[in-house]
Amino acid sequence: GALAKLSFDQYQVLEPVQWGSERFFAAGNFFTPNRRAKIVPVSVQPTGYQPSSDYPFVLNTGRLRDQWHTMSRTGLTARLTRHTSEPYAELHPDDAAQLAVESGDILKVTSVWGSAFARVLVNEGQQRGMVFMPIHWNGVNSANSRIGAVVNPVVDPISGQPESKFTPVALSKAEFAQYGFILSAEALPLLTQTDYAVNVRLANGWRQEFAVSTALDVTALGLAEASSDPATLEYHDPAQGIQRLAWLGQSSTQDQLSRVVMVAHSANRLPPRGWLDERLGQSVDALTRRSLLSGVAADPAADIGEIVCSCFVVGKNTICRAIAEQQLTSVAAVGQCLKAGTNCGSCQSEIAKLIAQVAPKADPVSLAQTALGE
């Protein structure tokens, strides 16, 4: 309350302040009515709700490696959003097979209290019968992916801590009429008319992923009218519902990629995003121009892939190529070669998994130790 009336300008120049006394309990008193510590005996209690035939899975929620709460700050940093750009639902392979889903599909997570959509992520490290979904996406940066709407309302009677780690849910594959994404050098409003949409911060703009029950024409998104760029590249395949458009603006005498829209009836008909993300706002030469609507770089080395190391912006493709070409068999060797994993270290377990996939002769014991953080 003491700082509640600060103006915006005052807040911008505010120096660090000591909140409260330097040592709260220096005099041996606690913040209780009698100033004495209150010790509360606890025992294992059953969860508020148990799985049932209608809601057989257990939802667990929590943070991501690179994000914080509602991403009001971390979500604006492309180096962080590129590692995990969309909300995901992590499943054990057996559960994924039972639900007939695979990584990249969109899953609907439903409880008595609400529902949310997320991309499927299949992981052998997940427990059977459980699904994990991050807390970070909300109604500002996504449409229908706020996991708080699904979590049960039970709270601890003493601490008030919500029971956010155990909510019975039903899971089902979400089928849509159309899937797509938009790349834009300028921020675009969230497509609220869609069933699923997520805004992703990029280094030179924004990407918005979306899926809809009723197919949209590109012009219905207002993109064709909004673009004043002189050149438009187009590809249409009506049988597959594919529409691909790229707008090229000009800076001096060079074309620059200012906007891309790609839609299809099936999610697997859309190209990878990594290379196109990198091209947004950049100059487009003749070779790149021919590749834009394919979404795949003419030079494979130009596509670094999904970001693994956020600290040094090192992608999956770059790491895998280095492992194969230079016969790297340890996380330390990858770090020495690419710097990946040598700063905060949180991506080391992911690097270890890539080594195990690409370099079968790697020492499984040392890789397991890395995965466990030893």
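Quick caveat, the model's predicted, so the values are computed rather than measured.

Q: Tell me about the overall build of the protein chain, and name the residues and values.
A: When helices and strands are counted, the protein chain shows 10 helices and 15 strands. Dimensions of the protein chain, computed from C-alpha atoms along their principal axes, come out at roughly 75 × 55 × 55 Å. Per-residue burial for the protein chain yields a buried fraction of 41% across its 374 residues. Counting contacts in the protein chain only where the partners sit at least 6 residues apart, residues at least 24 apart contribute 63% of the total. The centroid of the 30 positive side-chain charges in the protein chain is displaced by 6 Å from the centroid of its 34 negative side-chain charges.

Q: Now, about unusual backbone geometry: what can you tell me, with residues and values included?
A: You will see that M71, though not glycine, has its phi angle at about 60 degrees, which is positive. Turning to its location among the elements, M71 is positioned in the loop between β1 (57–62) and α2 (78–81). You can call M71 buried: its relative accessible area is 8%. The backbone of V313 sits at a positive phi, close to 50 degrees, despite the residue not being glycine.

Q: Before we move on, can you summarise the pattern of salt bridges with the specific residues and values?
A: Scanning the model with the defined rule gives 12 salt bridges in all. Measuring nitrogen to oxygen at the nearest pair gives 3.4 Å for the salt bridge that ties E209 to R119. With E209 in strand β10 (residues 205–212) and R119 in strand β4 (residues 115–122), this residue pair connects regions lying 90 residues apart in the sequence. Considered together, E209 and R119 belong to a single accessibility category, that of buried residues. A salt bridge links E209 to R273, with the shortest nitrogen-to-oxygen separation between them at 2.8 Å. With E209 in strand β10 and R273 in the loop between β13 (254–264) and α5 (274–279), this pair connects stretches of sequence that are 64 residues apart. Summarising the burial analysis for this pair, E209 and R273 share the class buried. Overlapping salt bridges, with partners in common, bring together E86, R119, R207, E209, R273 and D277 in one network.

Q: So what's going on with the side chain of S142? Residues and values would help.
A: Following the sequence through the fold, S142 ends up in strand β6 (residues 142–143). Of note is the side chain of S142, whose polar atom sits 2.6 Å from the backbone oxygen of N138. Not counting the four nearest positions on each side in its chain, S142 is found in contact with W137, L190, A197 and V198.

Q: Before we move on, can you summarise the packing of aromatic side chains with the specific residues and values?
A: Under the criterion given, the structure shown has six aromatic pairs. Ring centres of F117 and F176 lie 5.6 Å apart, and the angle between their planes is 70 degrees; this geometry places the pair in the edge-to-face category. In this pair, F117 sits in strand β4 while F176 sits in the loop between β7 (167–173) and β8 (178–184), placing the two residues 59 residues apart along the sequence. Residue F117 shares its accessibility class with F176, and that shared class is buried. These aromatic residues form a ring-pair network of at least three members: F25, F30 and F31.

Q: Tell me about the nonpolar core, and name the residues and values.
A: With 34 residues, the main nonpolar core has I106, F176, L183, L248, L257, L276 and L292 as its most contacted residues. Secondary-structure elements contributing two or more residues to this core are β8, β9 (196–202), β11 (231–237), β12 (242–251), β13 and α5. Not counting the four nearest positions on each side in its chain, L276 is found in contact with F181, L183, M262, L292 and G295. Membership of the second largest hydrophobic core comes to 19 residues, among which are L59, V120, I147 and L171.

Q: Which residues make up the pairing of strand β2 (residues 88–91), and what values go with them?
A: Side-chain alternation along β2 places Y88 and E90 on one buried face and A89 and L91 on a second face that is also buried. For β2 and β4, the ladder comprises four bridges, and the chain directions are parallel. Among the inter-strand pairings, E90 is bridged to a residue of β4, identified as L121.

Q: Account for the packing of helix α7 (residues 316–326) against helix α9 (residues 348–358), with residues named and values stated.
A: For the pair α7 and α9, the least separation of the axes is 10 Å and the interaxial angle reads 50 degrees. Between α7 and α9, the angle is such that the two are oblique. In the crossing of α7 with α9, the sense of the turn from one axis to the other is right-handed. The segment α7 lies against α9, with K316, I319, C320, I323 and A324 engaging I351, L354, I355 and V358. For the contact of α7 with α9, the per-class residue count stands at eight nonpolar, no polar and one charged.

Q: Report on the side chain of H92, specifying residues and quantitative values.
A: Mapped onto the fold, H92 is located in the loop between β2 and α3 (93–99). Classification of H92 as buried rests on a relative accessible area of 8%. Beyond its immediate sequence surroundings of up to four residues, H92 is in contact with V122, N123, E124, Q126, Q127 and R128.

Q: Break down the environment of A297 for me, with residues and values.
A: For A297, the location among the structural elements is in the loop between α6 (286–291) and β14 (307–309). C-alpha of A297 to C-alpha of S115: the two residues are 182 residues apart in sequence and 38 Å apart in space. Discounting chain neighbours no more than four positions away, the residues touching A297 are W275 and A302.

Thresholds applied
Residues numbered from 1 in each chain as written. Predicted model: local features only at pLDDT ≥ 70, side-chain atom pairs only at ≥ 80, totals over all residues. Heavy atoms only, no water. Helix = DSSP H or I, 4+ residues; strand = E, 2+ residues; numbered from the N terminus. Buried < 20%, exposed > 50% of the residue type's maximum accessible area, 1.4 Å probe, protein only. Contact = heavy atoms within 4.5 Å. Lys, Arg positive; Asp, Glu negative; His and termini not counted. Charge placed at Lys NZ, Arg CZ, Asp CG, Glu CD. Salt bridge = Lys/Arg side-chain N within 4 Å of Asp/Glu carboxyl O. Polar contact = N/O pair within 3.5 Å; in protein donor to acceptor, adjacent residues only side chain to side chain. Phe/Tyr/Trp six-rings, centres within 6.5 Å; stacked < 30°, edge-to-face > 60°. Core = buried A, V, L, I, M, F, W, Y, C linked by side-chain atoms within 4.5 Å. Pairing = 2+ DSSP bridges. Axes fitted to C-alpha atoms, helices over the stretch in contact; angles between N-to-C directions. Parallel < 35°, antiparallel > 145°, perpendicular 65-115°, else oblique. Left-handed = near helix turned anticlockwise from the far one by under 90°. Nonpolar A, V, L, I, M, F, W, Y, C, P; charged D, E, K, R; others polar.

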